[in-house]
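# Structural features, examined
Each chain is listed here by its residues.
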Amino acid sequence: MKTLIKIKPKEYKVGEVVKIDFMAMHPMETGMRKNKDTGEIIPAQYINEVNFMFNDQLITKMVIWESLSVNPLFSISFKVPGEGTLKVIAKDNKGQSVETTQQITPKG
Amino acid sequence: MERRSFLKSFGAVAAVCSVGLPQIASADEAKKVVGPNEMSYDNAVAAITGGKPVTPSAKVVVSAPEIAENGAVVPVKVTVESPMTSKDYVKAIHVLASKNSNVRCANIYLTPANGEAYFGTRVKLGGTQDVVAIVEMSDGTFLSAKQNVKVTIGGCG
């Protein structure tokens, strides 16, 4: 599972509220689609949990269902308390898990 | 004159056919397909609130396009007016699609560290329906808002 974290805006100060965009490359299969060649139902595979941590403290916990689009986007706000490490852990219903980190370095 | 009136009536019939047929087809599909996590809207709301009342509120804003050409990727943003302090903050934002097989899309559990109550994502919509946000405040009350999205091509096929 490929992932990407984007902080908007790119430059921010302590105390400022920024947007964190987390994207994951994931098929998000609903379990309702059929394979067009064989007619078999493609089993459901979707991200069901995303946790945003800052310096190992939980900021936002998400429980996700299959209704989100392919390669889903998760966007939240975050008030920058200072320097530290942002960690996003995403899991899917088949047990796949991925951890992505991003350094938070406020200017000024 | 005869030729003209014939063409007119033919055109009207063709228009009815082209509008009518796809709707019938999509309604049939919606009946057939049932996902593994099927849940109705009323059950999902009851599971979230535990039977507590939900008040529609202008503090909650759901922004989604009124018309989505492609139901597979519909951008949805939910913002809630809140100071996000440790005493008064938004505990959770629940995003529901009222007519999907599984109406639940995402449950977002926020903390005061978020600074603002905001969640953005992209959802799949199987047809024209409401995107609903049910918001749980830190004092235990529930607020809601919704936005109707007209979908021209469903996103679950």
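Everything discussed here concerns the structure shown above.
Quantities reported herein were computed from a predicted structural model and do not represent experimental measurements.

This paragraph deals with the interface of chain A and chain B. Across the boundary between the two partners, chain A contributes 31 residues, which contact 32 residues of chain B. Each partner contributes to the roughly 2600 Å² buried at the junction of chain A and chain B, and carbon and sulfur atoms together form 52% of this total. By the criterion of area lost to chain B, the three top residues of chain A are Met32, Trp65 and Ser67 of chain A, representing 25% of everything that side buries. Connecting chain A to chain B are one salt bridge. Residues Glu116 of chain B and Lys19 of chain A are paired through a salt bridge, measuring 3.9 Å at the closest nitrogen-oxygen approach. At the boundary of chain A with chain B, the tally comes to 25 residue pairs in polar contact (both at pLDDT 80 or more). Elements represented by at least two residues in the side of chain A that touches chain B include exactly strand S2 (17–24), strand S4 (57–64) and strand S5 (73–79) of chain A. Taken together, the residues of the side of chain A that touches chain B sort by class into 18 nonpolar, eight polar and five charged. Across four bridges, the pairing between S4 of chain A and strand S6 (residues 104–109) of chain B is antiparallel.

With that settled, the discussion passes to the pattern of salt bridges. Residues and elements named next belong to chain A. Tallied over the full model, the rule gives nine salt bridges over all chains. The closest approach of N and O atoms between Glu11 and Lys107, which form a salt bridge, is 3.3 Å. A residue pair is termed long-range when its members are at least 10 positions apart, and Glu11 in the loop between strand S1 (3–8) and S2 and Lys107 in the segment after strand S7 (97–104) qualify at 96 residues. In this structure, Glu29 engages Arg33 in a salt bridge whose closest nitrogen and oxygen atoms are separated by 2.8 Å. With a relative accessible area of 11%, Glu29 lands in the buried category. On the basis of relative accessible area, Arg33 is assigned to the partly exposed category, the value being 34%. A single network of salt bridges, built from pairs that share partners, joins Glu49, Lys61 and Lys91.

Conventions and cut-offs
Residues numbered from 1 in each chain as written. Chains lettered and ligands numbered in written order. Predicted model: local features only at pLDDT ≥ 70, side-chain atom pairs only at ≥ 80, totals over all residues. Heavy atoms only, no water. Contact = heavy atoms within 4.5 Å. Buried area = accessible area lost by both parts, 1.4 Å probe. Salt bridge = Lys/Arg side-chain N within 4 Å of Asp/Glu carboxyl O. Polar contact = N/O pair within 3.5 Å; in protein donor to acceptor, adjacent residues only side chain to side chain. Helix = DSSP H or I, 4+ residues; strand = E, 2+ residues; numbered from the N terminus. Nonpolar A, V, L, I, M, F, W, Y, C, P; charged D, E, K, R; others polar. Pairing = 2+ DSSP bridges. Buried < 20%, exposed > 50% of the residue type's maximum accessible area, 1.4 Å probe, protein only.

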